[in-house]
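Examining the three-dimensional arrangement
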Amino acid sequence: MASSFGAAQVLVASNRGPVSYEVREDGSLHAKRGGGGLVSGLSAIGPDAGALWVCSALGDGDREAVRRGVGEDGVRMLDVPADVHADAYNGIANSVLWFVHHMLYQTPLEPVFDAEFRRQWASYEAYNRAFAEALAEEAAEGAVAIVQDYHLTLVPGMLRELRPDLRIGHFSHTPWAPVDYFRLLPDDIAEQVLRGMLGADRLGFLTRRWADAFTACCDAVVGGLGGTEIGVHGLGADGDFLRKRSHEADVEERMAELRAEIGEGRRTIVRVDRTELSKNIVRGLLAYRELLAGRPEWRERVVHVAFAYPSRQDLAVYREYTAEVERVANAVNEEFGTPGWTPVVLNLKDDFARSLAAYRLADVALVNPVRDGMNLVAKEVPVVSDQGCALVLSREAGAYEELGADAVVVNPYDVVGTADALHAALGLPAGERAERSERLAAAGTALPPARWFLEQLDALRG
Ligand code: G6P
């Protein structure tokens, strides 16, 4: 019996994996490695632990790598047909489940669950099945498999049927919708999502608030959690890595560049996000505009350095949002800029070293999402900032539970309130700012990624 099982003792499954491939002009494949909690987690259990990461081939480069049999030890990339992936990822995961959990619909017109939605849902099921089958094939008897996020909600239930011997976990990196909002989903789909997840032995969430929302949905839709356990694991920043990485030469170089762009003696308000609808970048810019309009004493004395990396650009609504971010940033610069002062420095290109340079220079970090599972930027900037920074933080970010006490807290929809908060944060006395920043950094690094992962592993193994 055991001989038909695979060899992996610890498996993780996620849509986006730790490596991606690009086809170079000469036809060669170039591998790009990513970071994040799971990467640190799996490296913490050591190379001989029989760990396997099952992920999806995402672009042409990844598909080519699978076709050529190029890959990394410990990673299995699934090449599901591109149209199935597009339906599951763009159609269902990012346009439906992400919208539900972040409450992003403009409800007079959206959502409309029509025949096209049902067609895409069938792809989402097929996509989830491909993961469940790969995990079932690779897992050793009694192994632990931890499935990640809203892309793969059906996997735990499917895997349970294929391999009842496994210990199965699922972790949500997003918020969870309140019951009334979750029930926008067609009843049978809402039920399928919850039953899929409840196939796990244990479900993890980033905060108590999201865990409670999930429990409430289960009570309302499927009559409770069954035997499934719920755990809260508030992923923190990787302090050791960040402190070291932010003092490397490329970051120092970019600090010099940024300092020149900001100008002598000015305060810096920093934000770093994907260009993501839930991050609320536009209202952040409007609040900054309100600060300059309502409190002219800050003109020429402050610069807003805003990073908005391209994200999910296959979706029209993300492309439009990116264009709106650019439009509003330009409008603020036109309205208030002077020959020696550019009020907003907008960065649309993904440049990790430059964002770390901005972290180091930050006087104020602006983190104002309309809803966010955690938000690691809020935890990272206080660790890295050279002078200690003030944090303007949305009460709708998961990080609020841990950082709220030392942040200047905002309602993310209240642009005037956010302008007031920016003013208060800029005006914090240096001593108080440094003390708060130190406490924020301590709270934000309390559960570094490796421990976050090991905690879940231990809990699953009992
Ligand atoms: C969120 C999700 C992740 C996702 C990331 C980037 O943090 O929880 O699962 O990987 O966004 O989004 P993307 O669509 O580019 O993978």
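What you see as residue numbers is a count from 1 along each chain, following the sequence as written. Residue-level local features of this predicted model are given only where pLDDT is at least 70; pairs of side-chain atoms are given and counted only at 80 or more, and the full residue set underlies all totals for whole chains, interfaces and linings.

1. Some details on the overall build of the protein
How we decide: Strands are runs of DSSP state E lasting at least two residues, helices are runs of H or I lasting at least four, and both sets are numbered from the N terminus onward. For a compact globule the rule gives 2.2 Å times the number of residues to the power 0.38, and the radius of gyration it is set against comes from C-alpha atoms. For every residue, the other C-beta atoms within 10 Å of its own C-beta are counted; 20 or more classify it as buried, 12 or fewer as exposed, and values in between as partly exposed. C-beta atoms are placed from the backbone. Placing C-beta atoms from the backbone, we regard two residues as in contact once those atoms come within 7 Å.
In terms of regular secondary structure, the protein is built from 18 helices and 15 strands. Rg of the C-alpha trace for the protein: 23 Å, near the compact-globule value of 23 Å for 462 residues, within the 12% margin. Overall size of the protein, expressed as C-alpha extent along the three principal axes, is 75 × 50 × 45 Å. Per-residue burial over the protein gives 48% buried out of 462 residues. Partitioning the contacts of the protein with sequence separation of at least 6, the portion at a separation of at least 24 is 77%.

2. Topic: the sheet that holds strand β11 (residues 302–309)
We apply this condition: Should DSSP find at least two bridges between two strands, the strands are regarded as paired. Inter-axis angles, ranging from 0 to 180 degrees, are taken between N-to-C directions of lines fitted to C-alpha atoms, where helices are fitted over the stretch in contact.
Pairing within the open sheet is parallel, and its 6 strands lie in the order β12-β11-β10-β13-β14-β15. The outermost strands of the open sheet, each flanked by one partner alone, are β12 (344–347) and β15 (408–410). Within this sheet the neighbouring strands show an average axis-to-axis angle of 20°, counted without direction. Pairing analysis gives 4 bridges linking β11 to β12, with the strands arranged parallel. Residue Ala-306 lies in a different strand from β12, and its bridge partner there is Leu-346.

3. Describing the pairing of strand β9 (residues 229–232)
Formally: Crossover handedness is defined by viewing with both strands directed away from the observer: a clockwise path from the first strand over the helix to the second marks the crossover as right-handed.
Of the strand pairs in this sheet, strand β8 (residues 202–205) and β9 are connected by 4 bridges, and their pairing is parallel. Looking across to β9, one finds that Phe-205 is bridged to Val-232. This β-α-β element, β8 to helix α8 (residues 208–222) to β9, shows right-handed connectivity.

4. Observations regarding the domain arrangement of the protein
Counted only if it meets this: A domain assignment, automatic or from a database, supplies the domain bounds used here. Just so you know the grouping, Ala, Val, Leu, Ile, Met, Phe, Trp, Tyr, Cys and Pro go in nonpolar, Asp, Glu, Lys and Arg go in charged, and all remaining residues, Gly too, go in polar.
Domain assignment breaks the protein into domain 1 (8–235 + 451–461) and domain 2 (239–444). Each of domain 1 and domain 2 has a C-alpha centre, and these two points are 30 Å apart. Facing 16 residues of domain 1, the contacting portion of domain 2 comprises 13 residues. Going through the elements one at a time, α3 (82–101) and α8 are the ones with two or more residues in the side of domain 1 that touches domain 2. Among the residues forming the side of domain 1 that touches domain 2, the class breakdown is 6 nonpolar, 8 polar and 2 charged.

5. Some thoughts on the sheet that holds β8
The strands that make up a sheet are held in pairs by hydrogen bonds between backbone atoms, and each pair lies either parallel or antiparallel. Within the open sheet, the 7 strands sit side by side as β5-β4-β1-β6-β7-β8-β9. Their pairing is parallel. Of all the strands in the sheet, just β5 (75–78) and β9 have a single pairing partner and so form its edges. Within the sheet, the average angular offset between the axes of one strand and its neighbour, ignoring direction, is 20°. As defined by bridge partners, strand β6 (residues 139–148) adjoins strand β7 (residues 167–171) across 5 bridges and the pair is classed as parallel.

6. As for the environment of Thr-445
With respect to the element layout, Thr-445 can be found in the loop between α17 (430–444) and α18 (449–461). The partly exposed category is assigned to Thr-445, around which 19 C-beta atoms lie within 10 Å. The spatial distance from the C-alpha of Thr-445 to the C-alpha of Tyr-181 is 32 Å, given a sequence separation of 264 residues. Not counting the four nearest positions on each side in its chain, Thr-445 is found in contact with Gly-236, Ala-237, Gly-239 and Val-383.

7. Describing the nonpolar core
For clarity, the threshold we go by: Remark: nonpolar core denotes a set of buried Ala, Val, Leu, Ile, Met, Phe, Trp, Tyr and Cys residues whose joining runs through C-beta atoms within 7 Å.
One finds Leu-11, Ala-145, Val-364, Ala-365, Leu-391, Val-392 and Leu-422 to be the most contacted residues of the largest nonpolar core, which totals 138 residues. In terms of residues, this core owes the most to one element, α3, which gives 9 residues. Two domains each donate at least three residues to this core, and these are domain 1 (8–235 + 451–461) and domain 2 (239–444). Leaving out residues up to four positions away in the same chain, Val-364 has contacts with Ile-269, Cys-389, Ala-390, Val-392, Leu-422, Ala-425 and Leu-426.

8. A word on unusual backbone geometry
Following Glu-110, the chain continues into Pro-111 via a peptide bond in cis, with omega recorded as -5°. Structurally, Pro-111 can be placed in the loop between α3 and α4 (115–138). Despite not being glycine, Asn-375 shows a phi value in the positive range, around 85°. Summarising the element assignment, Asn-375 is placed in the loop between β13 (364–367) and α14 (377–384). Overall, Asn-375 belongs to the buried group, with 23 C-beta atoms counted inside 10 Å.

9. Things to note about the packing of helix α11 (residues 281–294) against helix α16 (residues 415–426)
So the rule is basically this: Note that the term roughly parallel is reserved for angles under 35 degrees, roughly antiparallel for angles over 145, roughly perpendicular for angles of 65 to 115, and oblique for everything else. The hand of a helix crossing depends on one turn: near helix anticlockwise from the far one by less than a right angle means left-handed, and clockwise means right-handed.
It is the contact of α11 with α16, at a shortest axis distance of 8 Å, that shows an interaxial angle of 65°. Of the possible angle classes, the one that applies to α11 and α16 is roughly perpendicular. Taken as a pair, α11 and α16 cross one another with a handedness that is right-handed. When α11 is examined against α16, the residues Arg-283, Leu-286, Ala-287, Tyr-288, Glu-290, Leu-291 and Gly-294 are found in contact with a partner set consisting of Val-415, Val-416, Thr-418, Ala-419, Leu-422 and His-423.

10. Regarding the confidence of the model for the protein
We count it as follows: As a per-residue measure, pLDDT tells how confident the predictor is, with possible values from 0 to 100.
Of the residues in the protein, 99% reach a pLDDT of 70 or more, and the chain-wide mean stands at 96. Across the protein, element-level confidence peaks in strand β14 (residues 390–394) with a mean pLDDT of 99 and bottoms out in helix α1 (residues 37–44) with 84. Scored as a whole, the predicted complex attains pTM 0.97, and scored at its interfaces, ipTM 0.99.

11. Quick notes on α17
This is how it is decided: Expected span of a helix, by definition, is 1.5 Å for each gap between consecutive residues, and there is one gap fewer than residues.
Relative to the 21 Å expected for 15 residues at 1.5 Å per residue, α17 spans 20 Å between its end C-alpha atoms, a close match to the ideal helical length. Against α14, β14 and α15 (400–403) lie the buried residues of α17.

12. Topic: the environment of Met-103
Secondary-structure assignment places Met-103 in the loop between α3 and α4. Along the chain, Met-103 and Asp-372 lie 269 residues apart, while their C-alpha atoms are 10 Å from each other. Setting aside its immediate chain neighbours within four residues, Met-103 contacts Ala-177, Tyr-181 and Arg-371.

13. Observations regarding α8
Applied cut-off: The arc in question is the one traced by the directions running from the helix axis out to the C-beta atoms.
In this model, α8 (15 residues) spans 20 Å end to end at C-alpha, consistent with the 21 Å of a helix rising 1.5 Å per residue. Three or more residues of α8 are buried, namely Trp-210, Ala-213, Phe-214, Cys-217 and Cys-218. Seen from one end, α8 has its buried residues packed into an arc of 140°, which puts them on one side. Of the residues flanking the end of α8, it is Gly-223, one or two places downstream, whose phi is positive at about 75°.

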